[in-house]
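Examination of the molecular architecture
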Amino acid sequence: MAGMNLVGPKADALDLGAVFRALADEHRRSVMAQLAADRSDNERGCNSFGLPISKQTQTHHFRVLREAGLIEEIDYGNRKGVRLRRADVEKRFPGLLALLEAELPGGTAPR
């Protein structure tokens, strides 16, 4: 069953302030770091990130990331998947994903 893609602003309309506000939260930063580290850019389920928060709060966090233009959500009706907008983020904010990936345990800071 195909889902409906929910995408935030177009790549050239990504706003640095909105991105910084989205990344200010540790849970959202953790999601982005995990997505940045997965070079396959496969779709992931919202529950696959191991966040220690309620489902309602997860929904809020994913909406903030989508509205900032960092991820797209795929709505299947009874569940949602997420995918990093790697090309758009890298085009607009080069190096940002490498910084996020470096935050993961064992990550290395970009040079």
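Just so it is clear, the model here is predicted, and its values are computed rather than measured.

1. Concerning the overall build of the protein
Helix and strand counts for the protein stand at five helices and four strands. The secondary structure elements of the protein, listed N-terminal to C-terminal, are β-α-α-β-α-β-β-α-α. Over its C-alpha trace the protein gives a radius of gyration of 13 Å, about what one expects of a compact globule, namely 13 Å for 111 residues. Principal-axis analysis of the C-alpha atoms gives the protein an extent of 40 × 30 × 25 Å. For the protein, buried positions account for 38% of its 111 residues. Put simply, 65% of the contacts in the protein that link residues at least 6 apart link residues at least 24 apart. As displayed, the protein offers around 6400 Å² of accessible surface, 51% of which is attributable to carbon and sulfur atoms. On the protein, the mean spot of the 17 positive side-chain charges and the mean spot of the 15 negative ones are 1 Å from each other.

2. Structural notes on helix α2 (residues 26–37)
Here α2 spans 16 Å end to end across 12 residues, near enough to the 16 Å set by a 1.5 Å rise per residue. Buried within α2 are the following residues: His-27, Arg-28, Val-31, Met-32, Ala-33, Gln-34, Leu-35 and Ala-36. A side-chain oxygen of the first residue of α2 lies 2.8 Å from the backbone nitrogen of His-27; this N-cap is Asp-25.

3. Details of the confidence of the model for the protein
Put simply, the protein has an average pLDDT of 92, and 95% of its residues get 70 or more. Strand β1 (residues 4–7) is the least confidently modelled element of the protein, averaging 82 in pLDDT, while helix α1 (residues 16–23) averages 98, the highest of any element.

4. Observations regarding the packing of aromatic side chains
Pairs of aromatic rings are described using the distance from one ring centre to the other and the angle between the two planes. Here the structure, examined in full by the defined rule, presents one aromatic pair. Consider the rings of Phe-49 and Phe-62, whose centres lie 5.7 Å apart with planes at 45°: the pair is tilted. On the criterion of sequence distance, the pair formed by Phe-49 in the loop between β2 (44–45) and α3 (55–67) and Phe-62 in helix α3 is long-range, its members being 13 residues apart. In this structure Phe-62 comes out as buried when scored by relative accessible area, which is 2%. Positioned over the ring face of Phe-49 is Arg-44, at 4.0 Å from the centre of the ring. The aromatic ring of Tyr-76 is capped on one face by Arg-79, whose charged end is 4.1 Å from the ring centroid.

5. Focus on the sheet that holds β2
Read from one edge to the other, the open sheet built from four strands follows the order β1-β3-β4-β2, with strand pairing classed as antiparallel. The open sheet has two edge strands with one neighbour each: β1 and β2.

Procedures and definitions
- Residues numbered from 1 in each chain as written.
- Predicted model: local features only at pLDDT ≥ 70, side-chain atom pairs only at ≥ 80, totals over all residues.
- Heavy atoms only, no water.
- Helix = DSSP H or I, 4+ residues; strand = E, 2+ residues; numbered from the N terminus.
- Rg over C-alpha atoms; globule rule 2.2 N^0.38 Å.
- Buried < 20%, exposed > 50% of the residue type's maximum accessible area, 1.4 Å probe, protein only.
- Contact = heavy atoms within 4.5 Å.
- Areas by Shrake-Rupley, 256 points an atom, 1.4 Å probe, with all protein chains shown as cover.
- Lys, Arg positive; Asp, Glu negative; His and termini not counted.
- Charge placed at Lys NZ, Arg CZ, Asp CG, Glu CD.
- Expected span 1.5 Å × (residues − 1).
- Polar contact = N/O pair within 3.5 Å; in protein donor to acceptor, adjacent residues only side chain to side chain.
- pLDDT = per-residue confidence, 0-100.
- Phe/Tyr/Trp six-rings, centres within 6.5 Å; stacked < 30°, edge-to-face > 60°.
- Lys NZ or Arg CZ within 6 Å of the ring centre and 35° of its normal.
- Pairing = 2+ DSSP bridges.

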